[in-house]
Amino acid sequence: MTPPPRILVVAGEASGDAHAAELVAALQARRPDLTFFGMGGSRLAARGVELLFDAREVSVMGITEVLPRIPRILQIMKGLANAAAERRPDVAILVDIPDFNLRLAEKLKAQGIPVAYYISPMIWAWRRGRVRTIKRLVDRMLCILPFEEDFYRDAGVAARYVGSPVVEQVPAPDSPTAFRERLGLAREAPTLALLPGSRMSEIRRLLPSMVDAARRLSAERPGLQVVVPVAPTIPREEVLSRFEGSGLTPVLVDGHAPEVVGASDAAVVASGTAVLEAGLMQRPLVVIYRVSLISYWVGRLMLKVAFVSLVNLLAGRRVVPELLQGEMTPERIADEVRKVWLPGAARDEMLQGLGEVRGRLGEAGAATRAAETVMELLPPCAI
């Protein structure tokens, strides 16, 4: 009797864990006998994936942030490769974190394990030469942005645009009042959402400036309600400590970042997947980010696109402001929020642009389409 197929799943930060969990669920719906193991977070664990390593151990950004963690990261990579050699999965699903996963793919390919890559690396934005490596190592590239499929196929990579998983992960449109009721927030209070990211390095670098901007805005808006969704990778006390001495008492919500944005009048969001989630909620937002100076200049030298946020990249123009590095000051953040807080031309223009972005992402069902493609990689006897 043929044993049930085994699938290796490797995901990094909170968003990757969420996307991977949706894909695992879609695969389980087709083949309940599938077994999964690998690396991820709480959402993959909830789907019954046997986690050999916690994703938080590799969730770091920037050159100077990564360097101290390299020995442990290499140890985890070796552990996953050894587990694959021992368990012989029928296919590996690698989700995002390209610096880690492409190196792991090299080891898996040497073992003859087919590789499906979900949440394709943004190599069209920088390090385009990596496409040759991907062509050699990846059997199926599952793209979540509409223009990526042609980019990869032109380079000879077997790619498919499956749609954005973010579309189905955000709740249906509703009024700010309705979202406030769901989250137990004050219904009539002016509300500012702060989304500082899911890595501790982001909390340290970004949240203090966000808090200072919120403090400035609270002086103009009595009763301002500041709401922060807390990723499962971040201890709540780390968020609360950044508010000490500010005069603000934030409302912390476990997860539910899109709903928090939906409950807001405006949001300040760390660059990353959360920006697209926030944009789909159709609320004004300001994008911010800061990394070490070394990481920033290396990135600037290699960046091939005009914007860093997915909202602006998909729109092909500046829909939301991007305050990066030295521009990410409390004064600038507060000023950009002021421009779009109340009804007016600036707010209307931004919301129109966000609506266009939503239309370009297509229909829900990314995980379902991704699962169909992964199933193609399973051996005939296992289907």
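Residues numbered from 1 in each chain as written. Predicted model: local features only at pLDDT ≥ 70, side-chain atom pairs only at ≥ 80, totals over all residues. Heavy atoms only, no water.

**Remarks on the environment of Arg-205**
Our working definition: Secondary structure elements follow DSSP: runs of H or I no shorter than four residues count as helices, runs of E no shorter than two count as strands, and numbering proceeds from the N terminus. Think of it in three bands: with a 1.4 Å probe and only protein chains considered, a residue is buried below 20% of the maximum accessible area for its type, exposed above 50%, and partly exposed in between.
Inspection of the secondary structure puts Arg-205 in helix 10 (residues 200-220). Residue classification places Arg-205 among the partly exposed positions, given a relative accessible area of 27%. Sequence separation between Arg-205 and Val-291 is 86 residues, and the spatial gap between their C-alpha atoms is 7.4 Å.

**Here we look at the sheet that holds strand 10 (residues 251-254)**
Basically, it comes down to this: What makes two strands pair is DSSP finding at least two bridges between them. Only C-alpha atoms enter the line fits that serve as axes; for helices the fit covers just the stretch in contact. Angles between N-to-C directions range over 0 to 180 degrees. Residues count as neighbours in contact if any of their non-hydrogen atoms are within 4.5 Å of one another.
Read across the open sheet, the six strands follow the order 10-9-8-11-12-13; overall the sheet is parallel. Both edges of this open sheet fall to strand 10 and strand 13 (322-324), since each of them pairs with a single strand only. Each adjacent strand pair in this sheet contributes to an overall mean axis angle of 20°, direction not counted. When strand 11 (residues 266-270) meets strand 12 (residues 285-289), the two strands line up parallel, connected through four bridges. Along strand 12, the bridge assignment pairs Val-269 with Val-287. Each of strand 8 (191-195), strand 11 and strand 12 touches helix 13 (residues 273-280); the most contacted strand, strand 11, lies at about 160° to it.

**Points about the sheet that holds strand 5 (residues 115-118)**
With parallel pairing, the seven strands of this open sheet are ordered in space as 3-2-1-4-5-6-7. One side of each edge strand has no neighbouring strand; the edge strands of this open sheet are strand 3 (50-54) and strand 7 (159-161). Ignoring which end each strand starts from, the neighbouring axes of this sheet average 15° apart. Inspection of the sheet shows strand 6 (residues 140-143) paired to strand 7 by three bridges, in the parallel sense. Opposite Met-141, over in strand 7, you have Ala-159 as the bridge partner.

**What about helix 9 (residues 176-183)?**
Those residues of helix 9 that fall on the buried side of the exposure criterion are Ala-178, Phe-179 and Arg-180. Contacts from the buried residues of helix 9 go to strand 8 and helix 12 (257-262). At the exit of helix 9 stands Gly-184, carrying a positive phi of roughly 75°.

**Let's talk about a nonpolar patch on the surface**
Note the following rule: Note on patches: the residues involved have over 30% relative accessible area and no salt bridge, like charges join within 9 Å, and the nonpolar side chains Val, Leu, Ile, Met, Phe, Trp and Tyr join within 5 Å. To measure how exposed things are, a 1.4 Å probe is used in the Shrake-Rupley method; for residues, cover is taken only from the protein chains shown. Each reported salt bridge corresponds to a side-chain nitrogen of Lys or Arg within 4 Å of a carboxyl oxygen of Asp or Glu.
Taken together, the side chains of Leu-67, Ile-70 and Leu-74 make up a nonpolar region of the molecular surface, amounting to roughly 260 Å² of accessible area. Relative to the helices and strands, Leu-74 is located in helix 4 (residues 70-87).

**Digging into the pattern of salt bridges**
Summed over all chains, the structure comprises 26 salt bridges. Across the pair Arg-187 and Glu-181 runs a salt bridge, and its minimum N-O distance is 2.8 Å. Glu-181 gets classed as partly exposed once you look at its relative accessible area, which sits at 46%. Note that Glu-356 is salt-bridged to Arg-317, the shortest N-O span being 2.9 Å. Here Glu-356, found in helix 17 (residues 345-360), pairs with Arg-317, found in the loop between helix 15 (310-315) and strand 13; they are 39 residues apart in sequence, far enough to count as distant. When its relative accessible area of 29% is taken as the criterion, Glu-356 is described as partly exposed. One salt-bridge network, in which partners are shared between bridges, spans Asp-212, Arg-215, Arg-216 and Glu-331.

**Side note on the nonpolar core**
So the rule is basically this: Here, nonpolar core refers to any group of buried Ala, Val, Leu, Ile, Met, Phe, Trp, Tyr and Cys residues whose side-chain atoms link them within 4.5 Å.
Of all hydrophobic cores here, the largest spans 65 residues; its most connected members are Leu-27, Tyr-118 and Leu-285. When sequence neighbours within four positions are dropped, the list of residues in contact with Leu-27 reads Ile-7, Leu-34, Phe-36, Ile-93, Ala-371, Val-374 and Met-375. One finds Val-230, Leu-252, Met-328 and Trp-341 within the second-largest nonpolar core, a separate group that totals 34 residues.

**Observations concerning the pairing of strand 2 (residues 35-40)**
So the rule is basically this: With its strands directed away from the observer, a crossover is right-handed exactly when the path from the first strand over the helix to the second travels clockwise.
The element strand 2 is largely enclosed, with a buried count of five among its six residues. One ladder, built from five bridges, connects strand 1 (residues 6-11) with strand 2; its direction is parallel. Residue pairing for strand 2: Val-9 is matched across the bridge by Gly-38. Each parallel crossover has a hand, and the one from strand 1 via helix 1 (residues 14-30) to strand 2 is right-handed.

**Let's talk about the confidence of the model for the protein**
Where we set the bar: The predictor reports its confidence for every residue as pLDDT, a score running from 0 up to 100.
Per-residue pLDDT for the protein averages 90, and the proportion of residues at 70 or more is 91%. At the level of individual helices and strands, the protein shows its lowest average pLDDT in helix 14 (residues 293-302), which scores 55, and its highest in strand 8, which scores 98.

**As for the packing of helix 1 against helix 18 (residues 366-375)**
Stated formally: In what follows, roughly perpendicular refers to angles from 65 to 115 degrees, roughly parallel to angles under 35, roughly antiparallel to angles over 145, and oblique to any angle outside these ranges. Crossings are assigned a handedness: left-handed for a near helix turned anticlockwise from the far helix by less than a right angle, right-handed for a clockwise turn. Residue polarity is assigned by list, with Asp, Glu, Lys and Arg as charged and Ala, Val, Leu, Ile, Met, Phe, Trp, Tyr, Cys and Pro as nonpolar; anything else, Gly included, falls into the polar class.
As a packed pair, helix 1 and helix 18 sit with axes 8 Å apart at the nearest point and diverge in direction by 60°. Looking at the two axes, helix 1 sits oblique to helix 18. For the pair helix 1 and helix 18, the crossing hand works out as right-handed. From helix 1, Glu-22, Leu-23, Ala-26, Leu-27 and Arg-30 reach across to helix 18, where they touch Ala-367, Thr-368, Ala-370, Ala-371, Glu-372, Val-374 and Met-375. Residue composition of the contact of helix 1 with helix 18, grouped by class: eight nonpolar, one polar and three charged.

**Considering unusual backbone geometry**
Backbone geometry at Ile-97 places phi at a positive 30°, although glycine is not the residue there. Along the chain, the position of Ile-97 falls in the loop between strand 4 (91-95) and helix 5 (98-110). On the basis of relative accessibility, which here comes to 15%, the residue Ile-97 falls in the buried class. Within the chain, Gln-282 stands out as a residue other than glycine whose phi angle is a positive 60°. By secondary structure assignment, the location of Gln-282 is in the loop between helix 13 and strand 12. In this structure Gln-282 comes out as partly exposed when scored by relative accessible area, which is 26%.

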